[in-house]
Amino acid sequence: PVTGKYIIAGQIWLEDVGSSYDNMLLVLETSNRSYYIAIDPHELGRASSDSLGFPVCALADMDANDTFIVKVSVEGGGKNIDLVDLTTIGIALIC
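This one's a predicted model, so the numbers in the text were calculated from it and none came from an experiment. (Residues numbered from 1 in each chain as written. Predicted model: local features only at pLDDT ≥ 70, side-chain atom pairs only at ≥ 80, totals over all residues. Heavy atoms only, no water.)

A few words on the overall build of the protein. When its secondary structure is counted, the protein shows zero helices and seven strands. Of the regular secondary structure in the protein, the N- to C-terminal order runs β-β-β-β-β-β-β. Once the C-alpha set of the protein is aligned to its principal axes, its extents read approximately 40 × 20 × 20 Å. For the protein, buried positions account for 32% of its 95 residues. Looking at the protein alone, contacts between residues at least 24 apart form 79% of all its contacts between residues at least 6 apart. As displayed, the protein has an accessible area near 5,500 Å², and 52% of this comes from carbon and sulfur atoms. Separation between the mean location of the 5 positive side-chain charges and that of the 13 negative ones in the protein comes to 7 Å. (Helix = DSSP H or I, 4+ residues; strand = E, 2+ residues; numbered from the N terminus. Buried < 20%, exposed > 50% of the residue type's maximum accessible area, 1.4 Å probe, protein only. Contact = heavy atoms within 4.5 Å. Areas by Shrake-Rupley, 256 points an atom, 1.4 Å probe, with all protein chains shown as cover. Lys, Arg positive; Asp, Glu negative; His and termini not counted. Charge placed at Lys NZ, Arg CZ, Asp CG, Glu CD.)

Think of it this way: side chains of opposite charge can pair up when their charged atoms draw near. One pass over the structure, following the stated rule, counts one salt bridge. Here Glu 29 ties to Lys 71 by a salt bridge, and the two come within 3.2 Å at their closest N and O atoms. Of this pair, Glu 29 sits in strand β2 (residues 21-30) while Lys 71 sits in strand β5 (residues 68-76); the two residues are 42 residues apart in sequence, bridging distant segments of the chain. Lys 71 sits in the partly exposed class, given a relative accessible area of 39%. (Salt bridge = Lys/Arg side-chain N within 4 Å of Asp/Glu carboxyl O.)

Residues Glu 15, Asp 16, Asp 50, Asp 82 and Asp 85 make up a contiguous surface patch of negative charge. By secondary structure assignment, the location of Asp 50 is in the loop between β3 (34-39) and β4 (51-62). (Patch = residues over 30% accessible without salt bridge, like charges linked within 9 Å, V, L, I, M, F, W, Y side chains within 5 Å.)

On to the pairing of β3. Regular strands show a simple pattern: their side chains alternate between the two faces of the sheet. As paired elements, β2 and β3 share six bridges and run antiparallel to each other. Paired with Glu 29 across the strands is Ser 34, a residue of β3. (Pairing = 2+ DSSP bridges.)

Despite not being glycine, Asp 16 has its phi angle at roughly 65°, a positive value. Residue position: Asp 16 is located in the loop between β1 (4-15) and β2.

Here twelve bridges tie β1 to β4, and the two strands are oriented antiparallel to one another. Residue Leu 14 lies in a different strand from β4, and its bridge partner there is Leu 52. Judged from the six bridges that link them, β1 and strand β7 (residues 88-93) form a sheet pairing that is antiparallel. Note that in β7 the partner of Ile 7 across the bridge is Ala 92. Of the pairings in the sheet, the one linking β1 to strand β6 (residues 82-83) comprises two bridges and is antiparallel in character.

Geometric values such as these leave the question of function open.
As structure tokens, then:
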């Protein structure tokens, strides 16, 4: 990318999110900063008993050659979840 402000927006879809999971932490990580989203999977509506989808959005200050990574961590349960192909993320330079 070139230096500027970027909008990062999308929908994260996870599967194998069992009822024993207590908390989840989603991190949108750029080279300059991390953006944290804490999730209680019991408080969100679900497409099925073990899947979970939720929107994400961040305004990120990025420089040329910066990177962007999505990380998910969970508490409770077996700690094995899948980020599925319904996940979409778009990144666009806005200024």
